[in-house]
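One-letter residues, chain by chain:
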Amino acid sequence: MPLEGEYEISPTGWVREQTEKIFETGTTESVDIKGRRVVLLTTRGAKTGKLRKVPLMRVEHGGHYAIVASLGGAPKHPVWYYNVKAEPHVELQDGTETGDFKAREVTGEEKAIWWERAVEAYPDYADYQKKTTREIPVFVLEPL
Ligand SMILES: C[C@H](OP(=O)(O)OC[C@@H](O)[C@@H](O)[C@@H](O)Cn1c2nc(=O)[nH]c(=O)c-2cc2ccc(O)cc21)C(=O)N[C@@H](CCC(=O)N[C@@H](CCC(=O)O)C(=O)O)C(=O)O
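What comes next is a walk through the structure. (Residues numbered from 1 in each chain as written. Predicted model: local features only at pLDDT ≥ 70, side-chain atom pairs only at ≥ 80, totals over all residues. Heavy atoms only, no water.)

**Regarding the site of the ligand**
Of all residues adjacent to the ligand, which total 25 residues, the nearest are Lys47, Thr48, Pro55, Val79 and Tyr125. Contacts to the ligand include arginine 52, whose side-chain N or O atom sits 2.8 Å from an oxygen atom. Protein contacts shield 81% of the accessible area of the ligand, which totals 1000 Å² for the unbound molecule. Placement of the ligand is best described as lying within the largest pocket. Of all elements in the fold, only α1 (13-25), β4 (51-57) and α2 (79-86) reach the threshold of two or more residues within the shell around the ligand. (Near = heavy atom within 4 Å. Polar contact = N/O pair within 3.5 Å; in protein donor to acceptor, adjacent residues only side chain to side chain. Areas by Shrake-Rupley, 256 points an atom, 1.4 Å probe, with all protein chains shown as cover. 1 Å grid on protein atoms, 1.4 Å probe; cavity = no way out; pocket = protein on both sides within 12 Å on 5 of 7 lines; lining within 4 Å. Sits in = over half its atoms within 2 Å of the grid points. Helix = DSSP H or I, 4+ residues; strand = E, 2+ residues; numbered from the N terminus.)

Here it is as structure tokens:
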């Protein structure tokens, strides 16, 4: 069951541009970061209830996805992290396909496996983690 409601996109310039391009073209393959693929996550705002759409790097393995709350190695989590914690039902668009998922934050061995996959998909994640003492969270998305 897709998330219903009014959505807002990020106020951050370059992110807004990429999000708008995805809307215009209908596919996340219209944008990339350093040639690496991007997906579009939709969360429900923990305070406003609005639908929030944020592009993220595409981390996929065996038909399963992970999302990484890196925020470029900033000392704080991105706001969407708290949205997902409050409402784990999220949508993810990969290419032209959008699916419904339940996001589960991973820890320990499972996180280590997915972190490796994330760094393989987007090597800058390793630098981001070196930049901060904050442990960058990873969610695995279980199809609903
Ligand atoms: C700037 C802020 O965004 P954020 O949720 O912190 O997310 C920051 C970034 O993670 C986000 O911009 C990502 O898209 C950046 N980003 C990546 N960010 C990542 O963390 N990981 C990635 O892999 C990643 C890849 C990526 C690829 C392409 C691209 O264009 C951007 C990429 C934002 O949108 N704030 C809104 C509020 C958003 C919101 O969710 N509000 C909540 C309330 C939140 C609260 O205050 O508790 C609500 O509506 O209820 C605002 O200031 O109006």
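**A short note on helix α4 (residues 124-131)**
Residues that lie three or four places apart on an α-helix share one face, since the helix turns once every 3.6 residues. Looking only at α4, the buried set comprises Asp124, Tyr125 and Tyr128. With its buried residues spanning 105° around the axis, α4 presents them on a single face. Those residues of α4 that are buried are in contact with β4, β5 (59-61), β6 (64-68) and α3 (108-121). (Buried < 20%, exposed > 50% of the residue type's maximum accessible area, 1.4 Å probe, protein only. Arc of directions from axis to C-beta. Contact = heavy atoms within 4.5 Å.)

**Some words on the packing of aromatic side chains**
Scanning the entire structure with this criterion turns up eight aromatic pairs. Seen in terms of ring centroids, tyrosine 81 and phenylalanine 139 are 5.5 Å apart; in terms of plane orientation they differ by 45°. Their pairing is tilted. Taken as a pair, tyrosine 81 in helix α2 and phenylalanine 139 in strand β9 (residues 138-143) lie far apart in primary sequence, 58 residues in all. For the pair shown, tyrosine 81 and phenylalanine 139 are each scored as buried. (Phe/Tyr/Trp six-rings, centres within 6.5 Å; stacked < 30°, edge-to-face > 60°.)

**Re the layout of surface pockets**
Volume-wise, the largest pocket comes out at about 900 Å³. Taken together, 34 residues make up the lining of the largest pocket; nearest its centre are Val15, Val54, Leu71, Pro78 and Trp80. Secondary-structure elements contributing two or more residues to the lining of the largest pocket are β1 (7-9), α1, β4, α2 and α4. Considering every element that reaches the lining of the largest pocket, the biggest residue donor is β4, with six residues. Among the residues making up the lining of the largest pocket, the classes are represented as 21 nonpolar, eight polar and five charged. (Points joined across faces, edges and corners; volume = space filled by probe spheres on them. Nonpolar A, V, L, I, M, F, W, Y, C, P; charged D, E, K, R; others polar.)

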